[in-house]
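Spelled out, the chains give:
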Amino acid sequence: MSARDRILAKLRATSIPAPPLPDVAAWYDSRRRHESVPERVARLRASLQAAHAELHDTTHAEWPALLRSIAAAKGLRKLLIGTDSPHVEVLEHALDSPLPAHFKPGPQQGLQVVRYEASVDAWRDELFEGIDAGLTHARSAIAQTGTLVLWPDAREPRLLSLVPPVHFVLLDAATIHDDLHAAMVAENWKAGLPANTLLISGPSKTADIQQTLAYGAHGPKELIVLLRHAASGAA
Amino acid sequence: MSKAISIQPAADFERRSRAAVNDPAQQKNFRGAMDFLQGKRRAQFSDAAELAGLRDLGEAIRRFSLAHLPRLLEQLESRCCANGIHVHWAETAAAANAIVLDIARSAQARRMVKGKSMVTEEIGLNHAMQAAGIDVLESDMGEYIVQLAGESPSHIIMPAIHKTRQQIAALFAEKIPGVAYTDNVDALIQIGRRVLRRKFAEADVGISGVNFAVAETGTLCLVENEGNGRMCTTVPRVHIAITGIEKVVERVEHLAPLLSLLTRSATGQDISTYVNLISRPRQPGEKDGPHEVHLILVDNGRSQAYADAQLRATLQCIRCGACMNHCPVYARIGGHAYGTTYPGPIGAIISPHLLGLESTYPLAFASTLCGACSEVCPVRIPIPELLVRLRNEAMARPGSAQASLRGSGAARSPMLRALWAGWSVVYSRLGVYRLSSWLMSRGRALSPVEQGAWTRCRTPLTPAPRRLRDLLKERRS
């Protein structure tokens, strides 16, 4: 008999009257606020800012320029991006043109984009030491807790949102859910999850030294959300 | 480092407790930390109706999961295997360590990094790996500090809660080459970040715990704030997750209320900075993530609690630490006094199953039964009732119906037995009772002035000059 069989046999020796399956959906339905997009944006913004993240309103047309101006203001030189995503092409295209006049140029001009093309095994040291910021998109977000939902994949690897000291996230306002349960149901998580699913609710932090909050423990020190509103413009 | 697996906590519990309450610096550290954590939790649960509903739901999910535990473990195993995660089963701590060592050897691993995991503390993983020549580095800031100091965690959520920043500053200056003394918290964290960053990049194996395992999707759920857990589960070639068999839930949606209860009860956060859901190793075409993911399901005494209808509630625990944060005993003696991996109220009720009652029964007696722990428990474990039950087990006659656990009856002593036998004679025979109470009131002058622990801070107990029955007789006449 294997350890597995012995453990299961021990557990099976006890028969337990089965309680009913808890109705999780009913609880969330009864408490859900059914908010409009602007209301969800407001809650997401409040929670993320409380968690020390930055949130900037922008549009599909303007976000590359916004990103460049933030990067310039913060003195970021090397931005790590994924591959084969629409926003990656948009960004690379935009880098070739001058920054629009209404964005203030910062002290650090000329953002260099690095594509996450090779397996991490081939360039670990450079990834850990030589990159200033990473850019990913968020699949969706959760208003209640100020949470970004990321499903990393071959195009946007897992470490893109973890190793660089600054993490830029592209988020579309229309994808914000009320709460975690709503996100799970709307995106049918029970049908199967990708290799890695991430919920991110702020920059990396710790309070392990005398309950004093410090940011940038092991992951990004800064989380910067570029919130893209629908064509009518930024809220 | 030998402190981390002291398996005989009973022997020194009283001595350690006394040392702790006589250490004003430690008293201040713990009091401050407890007040901080209590305040953070309270701020999260301002809506009493919401809290009550959420606790109902959390308790119901945990009870449902335990009722279906064997089926859910099999489902978890088959989903994980289908996803490419290797599943192992370990009945004991030694078996779990042997499995880790096997995996490490076939991966030719020399260096491991570990995210915060109480189960690996429970099984003494670091010692087992060191004995085999493999370095294990703790990467959670608190755990790193504790490891650097050669100590063990004093709290399950905040491992270095017993240390001040000045102590940590001195420790870093002494132990990390090239580091000058600074007690600036940001600077200290950045030092830790720099040191550990290299280690993540160099490690062959990453070790983690599991907060919840989801059976329907074969998913491991980990919560954390620092990002070290993500590093450990993403950067090294091999990821080994180690968990107790009780951590499984059936559905993804069960995570929603449990995560909310966990992080709000533990640290007063809406949600932790990272919730990391791992369902597969690195897929073809992916550029990072571990090539191998292993899950080790550890029993180590949990099935003993499972077999008992009352004690099974112990396994509902989601390891938030709220019970210890609100325990008047824990706040005064601190985590190390318990001598067990899990301190505080949860430690008192889970440790007897992991280590045997013979070495852990004093923990069940170190409680005022005030009930603060069960009042804050997010999954409504009736901790005081379980403590009373463990006290009865510790006093039960071996072989009797009341003795059902490993180590039951361990608290029995010839003197106590004689004392209670005498008490039973006196209180069950009216004549003997009357005679003895008369003798007591006459001989009150002979009462000892020194009455052991009682007179250390109280006046001695002396029988009344006249018995109650004499006073009543006088009133009636």
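Residues numbered from 1 in each chain as written. Chains lettered and ligands numbered in written order. Predicted model: local features only at pLDDT ≥ 70, side-chain atom pairs only at ≥ 80, totals over all residues.

## What to know about the overall build of chain A
- For chain A, the helix and strand inventory stands at 7 helices and 12 strands.
- With respect to the three principal axes, the spread of C-alpha positions in chain A is 75 × 45 × 45 Å.
- Within the span of chain A, comprising 235 residues, buried residues form 44% of the whole.
- Taking the contacts inside chain A whose residues are at least 6 apart along the sequence as the reference set, 80% of them involve residues at least 24 apart. (Helix = DSSP H or I, 4+ residues; strand = E, 2+ residues; numbered from the N terminus. Buried ≥ 20, exposed ≤ 12 C-beta atoms within 10 Å, placed from the backbone. Contact = placed C-beta atoms within 7 Å.)

## Side note on the overall build of chain B
- Looking only at helices and strands, chain B has 22 helices and 10 strands in total.
- Taken over C-alpha atoms, the radius of gyration comes to 26 Å for chain B, in line with the 23 Å a tight globule of 477 residues would show.
- Taken along its principal axes, the extent of the C-alpha atoms in chain B is 100 × 55 × 50 Å.
- Considering chain B as a whole, with its 477 residues, one finds that 53% of them fall into the buried category. (Rg over C-alpha atoms; globule rule 2.2 N^0.38 Å.)

## Re helix α3 (residues 48–67) of chain B
- Compared with an ideal rise of 1.5 Å per residue, which puts 20 residues at 28 Å, α3(B) spans 28 Å between its outermost C-alpha atoms and is within 8% of the ideal.
- Listed in full, the buried residues belonging to α3(B) are B:L54, B:L57, B:G58, B:E59, B:A60, B:I61, B:R62, B:R63, B:F64, B:S65 and B:L66.
- Contacts from the buried residues of α3(B) go to α2 (24–31) of chain A together with α4 (69–83), β8 (248–249) and α12 (255–267) of chain B. (Expected span 1.5 Å × (residues − 1).)

## Structural notes on the sheet that holds strand β7 (residues 166–172) of chain A
Residue and element names in this part refer to chain A.
- The strand order β1-β12-β7-β4-β2-β3 describes an open sheet built from 6 strands, whose pairing is parallel. One side of each edge strand has no neighbouring strand; the edge strands of this open sheet are β1 (54–59) and β3 (112–115). Between one strand axis and the next, the sheet turns through 25 degrees on average, direction left out of account.
- When strand β2 (residues 78–81) meets β3, the two strands line up parallel, connected through 4 bridges. Each bridged residue has a counterpart across the sheet, and for L79 the counterpart in β3 is V113.
- Against the sheet, helix α4 (residues 63–74) makes contact with β1, β2, β4 (133–137), β7 and β12 (222–229), and its axis sits at roughly 160 degrees relative to β12, the strand it touches most. (Pairing = 2+ DSSP bridges. Axes fitted to C-alpha atoms, helices over the stretch in contact; angles between N-to-C directions.)

## A word on the sheet that holds strand β6 (residues 147–150) of chain A
- Taking strand neighbours across the sheet as the criterion, the 8 strands line up as β8(A)-β5(A)-β6(A)-β9(A)-β9(B)-β6(B)-β5(B)-β8(B) in an open arrangement whose pairing is mixed. Two strands in the sheet have a free side with no partner beyond their single neighbour: β8 (176–177) of chain A together with β8 of chain B.
- Alignment of strand β5 (residues 140–142) of chain A against β8(A), held across 2 bridges, turns out to be parallel. Paired with A:A141 across the bridge in β8(A) is A:I176.
- Contacts between α12(B) and the sheet are confined to β5 (212–214), β6 (219–224), β8 and β9 (274–278) of chain B, with β6(B) contributing the most and set at about 25 degrees to the helix.

## With respect to the pairing of strand β7 (residues 238–244) of chain B
All names here are of chain B.
- Counting buried positions along β7 gives 7 out of 7 residues, so the element sits mostly inside the fold.
- Residue alternation in β7 divides its side chains into two sets, V238, I240, I242 and G244 and H239, A241 and T243, and both sets are buried.
- Where β7 meets strand β10 (residues 292–298), 7 bridges bridge the pair, whose relative direction is parallel. Across the sheet, G244 pairs through a bridge with V298, a residue of β10.

## Observations concerning the interface of chain A and chain B
- In this assembly, 64 residues from chain A lie in contact with 72 residues from chain B.
- Of all the elements in the fold, those that place two or more residues in the side of chain A that touches chain B are α1 (3–12), α2, α6 (120–129), α7 (180–186), β9 (196–200) and β10 (205–206) of chain A.
- Considering every element that reaches the side of chain A that touches chain B, the biggest residue donor is α1(A), with 8 residues.
- Its residues assigned to classes, the side of chain A that touches chain B shows 34 nonpolar, 19 polar and 11 charged.
- Here β9(A) runs beside β9(B); their pairing, made up of 5 bridges, is antiparallel. Each bridged residue has a counterpart across the sheet, and for A:L198 the counterpart in β9(B) is B:N276. (Nonpolar A, V, L, I, M, F, W, Y, C, P; charged D, E, K, R; others polar.)

## With respect to the pairing of β12(A)
All names here are of chain A.
- In terms of burial, β12 is largely enclosed, as 7 of its 8 residues are buried.
- In this structure, β1 lies alongside β12, joined through 6 bridges in parallel fashion. Among the inter-strand pairings, H56 is bridged to a residue of β12, identified as L226.

## Things to note about helix α8 (residues 141–148) of chain B
- Burial of α8(B) is extensive: 7 of the 8 residues sit out of reach of the surface.
- Within α8(B) the residues assigned to the buried category are B:M141, B:G142, B:E143, B:Y144, B:I145, B:V146 and B:Q147.
- Among the structural elements, β10 of chain A together with β3 (135–138), α9 (165–175) and α10 (185–202) of chain B are those in contact with the buried residues of α8(B).
- Once α8(B) finishes, B:G150 follows within two positions and takes phi at roughly 70 degrees, a positive value.

## Topic: the nonpolar core
- Ranked by size, the top nonpolar core spans 197 residues in total, and within it A:L226 and B:I296 carry the most contacts.
- Counting residues per element, this core draws most heavily on α12(B), at 7 residues.
- Those residues in contact with A:L226 that lie beyond four places of it in its chain are A:H56, A:T58, A:W63, A:L66, A:L67, A:F168, A:V169, A:L170 and A:L171. (Core = buried A, V, L, I, M, F, W, Y, C linked by C-beta atoms within 7 Å.)

## A short note on the packing of helix α17 (residues 357–365) of chain B against helix α19 (residues 383–395) of chain B
All names here are of chain B.
- Here α17 crosses α19 at 135 degrees, and the two axes come no closer than 9 Å. If you check the angle between α17 and α19, you find them oblique. The two elements α17 and α19 cross, and the hand of that crossing is left-handed. Taken together, the residues of α19 that come into contact with α17 (itself represented by L357, Y361, A364 and F365) are L387, L390, R391, E393 and A394.
- Here the contact of α17 with α19 is composed, by residue class, of 7 nonpolar, no polar and 2 charged. (Parallel < 35°, antiparallel > 145°, perpendicular 65-115°, else oblique. Left-handed = near helix turned anticlockwise from the far one by under 90°.)

## Quick notes on unusual backbone geometry
- If you check the backbone angles, A:H34 has positive phi at about 50 degrees while not being a glycine.
- With respect to the secondary-structure elements, A:H34 resides in the loop between α2 and α3 (37–50).
- Since 8 C-beta atoms lie within 10 Å of it, A:H34 is described here as exposed.
- One non-glycine residue, B:R380, adopts positive backbone phi at about 55 degrees.
- Among the secondary structure elements, B:R380 is positioned in the loop between α18 (372–376) and α19.

## Points about the confidence of the model for chain B
Residue and element names in this part refer to chain B.
- Predicted confidence across chain B gives a mean pLDDT of 94, with 98% of residues reaching 70 or more.
- Under a pLDDT of 50 for its full length, residues 1–6 has, in the predicted model, 12 contacts with residues more than four places off or in other chains.
- For this predicted complex, the interface confidence score (ipTM) comes to 0.96, while the overall pTM stands at 0.93. (pLDDT = per-residue confidence, 0-100.)

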